[in-house]
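Results of the structural survey
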Amino acid sequence: MPSSVEQFGDIALVNDDIAPVAREGRTASGGETLALWAALGIGPGIYALALRDLPMAPAMASVLFGTFLAWGLAQPLGRLALRYGTGSVAALRAACGWRGAVPLLVVWWAAAIAWASVWASNVGDSAASLLGAATGWPVGVLSVPGGGGLSFASWAVSAVVILAAWMLARGGAEWLRRLAALTGLGALGLGLGLVIFAGIASRGFGSLLARRTPWAMDGFVDSTLLTTLWLVPAIMSVPDWLRYVPARRRGERRSLAAMSLSVMPLAMVATALMTAFVGALLAAASVVGRGRYDGTPIADAAGFGGLAGGYGGGLLAFLMLITTVPTLGLFAPAHALSGASPSRLHHRGALRLSTVAAIVLIPLVRHLGRGVDVAGALLVAMGPVLGVLWADERWVRRGRVLLEDLYLADSDYGPWLGLHPSAVIALVLGELAHPWVWPLWPPGRAFMLGAVVAALTYGGLRLGGRGLVWLGRRARLGRRPSLARDEPQLLDEASSTHALADADLAPGWGDTKPDDALVPPGSSTAPQSPPGSDGEQGPE
């Protein structure tokens with residue numbers, strides 16, 4: 001392992017891939033960051049949400065509110081990444097301790113891999129059916145044993161899609177930033193073309209868009225929370241690519257770091273609305289052509305356009321997956337898996353393992369999917385995790401962190417054998433809302449309830465404990481006036497265990513320290529002090 005990583009943190013808890021990104025490595029441009037935010041809203045999950053059980057206007061409104069809610073959950077993760085150049089591994093360690101973060105990283109990895117497998121499987125089914133209709137080959141004759149009716153042809157197509165995503169993800173963050181703009185614009189442009197074709201073929205999309213079906217607020221709430229649920233992979237991936245955005249410097253009023261969390265996420269909202277709108281129009285045209293819709297681009301496009309429409313839908317589905325799966329389903333989960341075992345597994349090895357797992361899991365997910373929504377269950381389990389991360393950033397740390405302590409086994413972030421008791425209690429209580437424990441709740445509501453319970457529990461325990469410490473020290477100072485004169489700042493620092501973590505407060509981290517002091521000699525990757533701390537401030 002390089003000496004630069006050995007000098008920063010414990011060798012067993014850090015490697016080059018999960019270490020904070022140094023200042024010279026944070027080279028993402030504004031256009032690339034905007035393209036990545038836009039790519040988060042383009043995906044088969046958002047495509048299939050429109051017109052589930054609601055008329056057109058409430059369905060689109062639910063997508064709008066659900067995307068805004070996802071933006072709010074991603075904010076704390078993005079703040080830490082922009083300020084210190086850290087990813088999701090550091091955020092989980094700050095809240096739960098280094099050992100407590102390990103199972104959560106594995107669950108997050110499994111949820112993202114299952115998410116990628118489900119959508120690749122759906123595209124594979126439609127593509128194999130289209131291939132059989134075009135060539136007359138019996139593509140559905142041979143089925144995978146125990147695969148829940150999955151044919152070998154469908155599995156092969158799904159595997160090709162995932163392998164294509166792997167080839168793109170292995171190019172790294174810089175390549176993914178450039179790819180997002182190209183494939184995202186291509187998917188949106190092709191979707192617009194298919195909408196025009198659908199309008200002509202169906203002669204106005206029929207009556208589905210103007211249906212007057214009754215709907216209740218409960219259905220609207222469920223659809224909104226389901227939108228947020230399917231955006232969980234996007235939420236958790238934010239710090240792993242936002243860490244490459246240059247940090248804000250002192251005196252800058254409109255920095256890229258500030259805009260990347262305040263303005264640019266609106267691109268995700270816009271593309272999610274466009275994706276859902278395209279799905280709704282193609283579904284309406286498919287109802288005119290064959291009397292039903294499937295919620296997948298290939299089947300819906302073939303429903304009104306025959307083979308020609310199916311080819312266009314196939315290309316649209318491929319572009320949507322290539323826009324999202326490399327970043328959300330492989331690149332970011334590989335970081336999580338590497339963070340679970342830094343000394344044994346680097347990002348490239350974790351990326352290969354994630355690719356193989358996504359392909360192998362397709363028959364298993366299909367087999368279990370006949371009775372259990374595996375991907376949905378894993379995504380619901382991430383609700384309490386996001387609640388703890390939100391409370392930790394907003395209420396407890398408030399933008400500050402002792403950076404190197406996140407990579408040390410002996411630190412205040414894991415005082416109980418590498419765990420934080422408050423996080424353990426909050427996660428256990430939050431997971432009680434899971435449908436497997438409390439089956440009366442729909443997945444979207446269970447996800448949000450778990451997040452709220454975990455956030456309130458974690459915040460209450462941490463802030464309550466801090467208040468007790470403050471009261472104890474105040475009482476001690478009242479009994480010993482000389483101690484109060486010797487340590488006049490003791491009471492102020494008792495209110496925050498991260499008092500020296502701010503770049504403006506920490507001794508030696510100010511403008512007088514030379515730039516090369518932040519990086520060990522002979523290293524350009526692992527900083528000795530927080531990247532962006534040389535007179536820089538995080539997003540407001």
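The model shown is predicted, which means the values in this text are computed figures rather than measured ones.

**Describing the overall build of the protein chain**
Per the secondary structure count, the protein chain includes 19 helices and two strands. Sequence separation of 24 or more characterises 80% of the internal contacts of the protein chain that already satisfy a separation of 6 or more. Of the roughly 21900 Å² of accessible surface on the protein chain, a fraction of 65% belongs to carbon and sulfur atoms.

**Examining the side chain of R93**
In this structure, R93 sits in helix α5 (residues 88-96). With no salt bridge to any partner, buried R93 finds its closest opposite charge in D10, at an N-O distance of 8.6 Å. A distance of 3.5 Å separates a polar side-chain atom of R93 from the backbone oxygen of G339.

**Remarks on helix α16 (residues 421-431)**
Since the α-helix advances by 3.6 residues per turn, residues separated by three or four positions end up pointing in the same direction. All of the buried residues along α16 are S422, A423, A426, L427 and G430. Summarising the axial view, the buried residues of α16 lie within an arc of 125°, below the 170-degree limit, and thus occupy one face.

**What to know about the packing of aromatic side chains**
Summed over all chains, the structure comprises eight aromatic pairs. Ring geometry for F65 against F220: centres 6.1 Å apart, planes inclined by 80°, an arrangement best described as edge-to-face. Of the two residues, F65 is situated in helix α4 (residues 56-84) and F220 in helix α9 (residues 217-230); the sequence distance between them amounts to 155 residues. Arranged with centres 5.4 Å apart and planes meeting at 65°, the rings of W119 and W230 form a pair that is edge-to-face. Taken as a pair, W119 in helix α6 (residues 98-135) and W230 in helix α9 lie far apart in primary sequence, 111 residues in all. There is no split in this pair, since W119 and W230 are both buried.

**Topic: helix α13 (residues 297-340)**
Taking 1.5 Å per residue as the helical rise, α13 with its 44 residues ought to reach 64 Å, whereas the 36 Å between its terminal C-alpha atoms falls clearly short. Where α13 bends most, at G306, the angle is about 150°. Burial runs high along α13: 37 of the 44 residues are buried.

**Here's the deal with a nonpolar patch on the surface**
On the surface, I425, L429, L432, W436, V437, W438, L440, W441 and L461 cluster together into a nonpolar patch covering about 950 Å² of accessible area. In this structure, I425 sits in helix α16. I425 sits in the partly exposed class, given a relative accessible area of 43%.

**Details of the pattern of salt bridges**
Inspection of every chain in the model, using the stated rule, returns 10 salt bridges. The partner of R290 in a salt bridge is D294, and the shortest N-O contact between them spans 2.9 Å. Residue E393 is joined to R397 by a salt bridge in which the shortest nitrogen-to-oxygen separation is 2.8 Å. Of this pair, E393 and R397 both sit in helix α15 (residues 374-397), separated by four residues, roughly a single helical turn. Each member of the pair, E393 together with R397, is buried. A cluster of three or more residues bridged by salt bridges with shared partners is formed by R79, D392, E393 and R397.

**Here's the deal with the packing of helix α8 (residues 172-202) against α13**
One way to put it is that α8 packs onto α13 with a least axis distance of 9 Å and a crossing angle of 155°. Classed by the angle they form, the pair α8 and α13 counts as roughly antiparallel. Seen from above, α8 lies across α13 with left-handed handedness.

**Regarding the environment of L417**
Along the chain, L417 turns up in the loop between α15 and α16. The exposure class assigned to L417 is exposed, which follows from its relative accessible area of 64%. Once the C-alpha coordinates of L417 and R99 are considered, the two residues, 318 residues apart in sequence, prove to be 7.6 Å apart.

**Digging into the side chain of S223**
Here S223 lies in helix α9. Under the relative-accessibility criterion, S223 is labelled buried at 10%. Not counting residues up to four positions away in its chain, the partners in contact with S223 are L54 and S62.

**Regarding the confidence of the model for the protein chain**
Per-residue pLDDT for the protein chain has a mean of 83; in total, 82% of the residues score no lower than 70. Throughout residues 1-6 the model reports pLDDT below 50, and contacts reaching past four residues in sequence, or to other chains, amount to 16 contacts. Ignoring residues within four places in sequence, the model shows residues 483-540, a span with pLDDT below 50, making 130 contacts including any to other chains.

**Brief notes about the nonpolar core**
In globular proteins that are soluble, nonpolar side chains generally tend to be buried together. One finds W37 and L242 to be the most contacted residues of the largest nonpolar core, which totals 124 residues. Here this core takes 14 residues from α6, the largest share from any one element. For W37, the contacting residues outside a window of four places in its chain are V238, W241, L242, S260, L261, M264, P265, A267 and M268.

**Points about unusual backbone geometry**
Unlike most non-glycine residues, R398 shows phi in positive territory, near 55°. Turning to its location among the elements, R398 is positioned in the loop between α15 and α16. A positive phi is found at L417, a non-glycine position, where the angle reads about 55°.

**Quick word on the environment of M382**
Along the chain, the position of M382 falls in helix α15. Residue M382 is classed as buried on the basis of its relative accessible area of 0%. Linking M382 and H434, residues 52 residues apart in sequence, is a C-alpha distance of 10.0 Å. Beyond its immediate chain neighbours, meaning those up to four positions away, M382 contacts V107, W108, A111, V232, M236 and F447.

The rules behind these values
Residues numbered from 1 in each chain as written. Predicted model: local features only at pLDDT ≥ 70, side-chain atom pairs only at ≥ 80, totals over all residues. Heavy atoms only, no water. Helix = DSSP H or I, 4+ residues; strand = E, 2+ residues; numbered from the N terminus. Contact = heavy atoms within 4.5 Å. Areas by Shrake-Rupley, 256 points an atom, 1.4 Å probe, with all protein chains shown as cover. Buried < 20%, exposed > 50% of the residue type's maximum accessible area, 1.4 Å probe, protein only. Lys, Arg positive; Asp, Glu negative; His and termini not counted. Salt bridge = Lys/Arg side-chain N within 4 Å of Asp/Glu carboxyl O. Polar contact = N/O pair within 3.5 Å; in protein donor to acceptor, adjacent residues only side chain to side chain. Arc of directions from axis to C-beta. Phe/Tyr/Trp six-rings, centres within 6.5 Å; stacked < 30°, edge-to-face > 60°. Expected span 1.5 Å × (residues − 1). Bend = angle between axes of the 7 residues up to and from the residue. Patch = residues over 30% accessible without salt bridge, like charges linked within 9 Å, V, L, I, M, F, W, Y side chains within 5 Å. Axes fitted to C-alpha atoms, helices over the stretch in contact; angles between N-to-C directions. Parallel < 35°, antiparallel > 145°, perpendicular 65-115°, else oblique. Left-handed = near helix turned anticlockwise from the far one by under 90°. pLDDT = per-residue confidence, 0-100. Core = buried A, V, L, I, M, F, W, Y, C linked by side-chain atoms within 4.5 Å.

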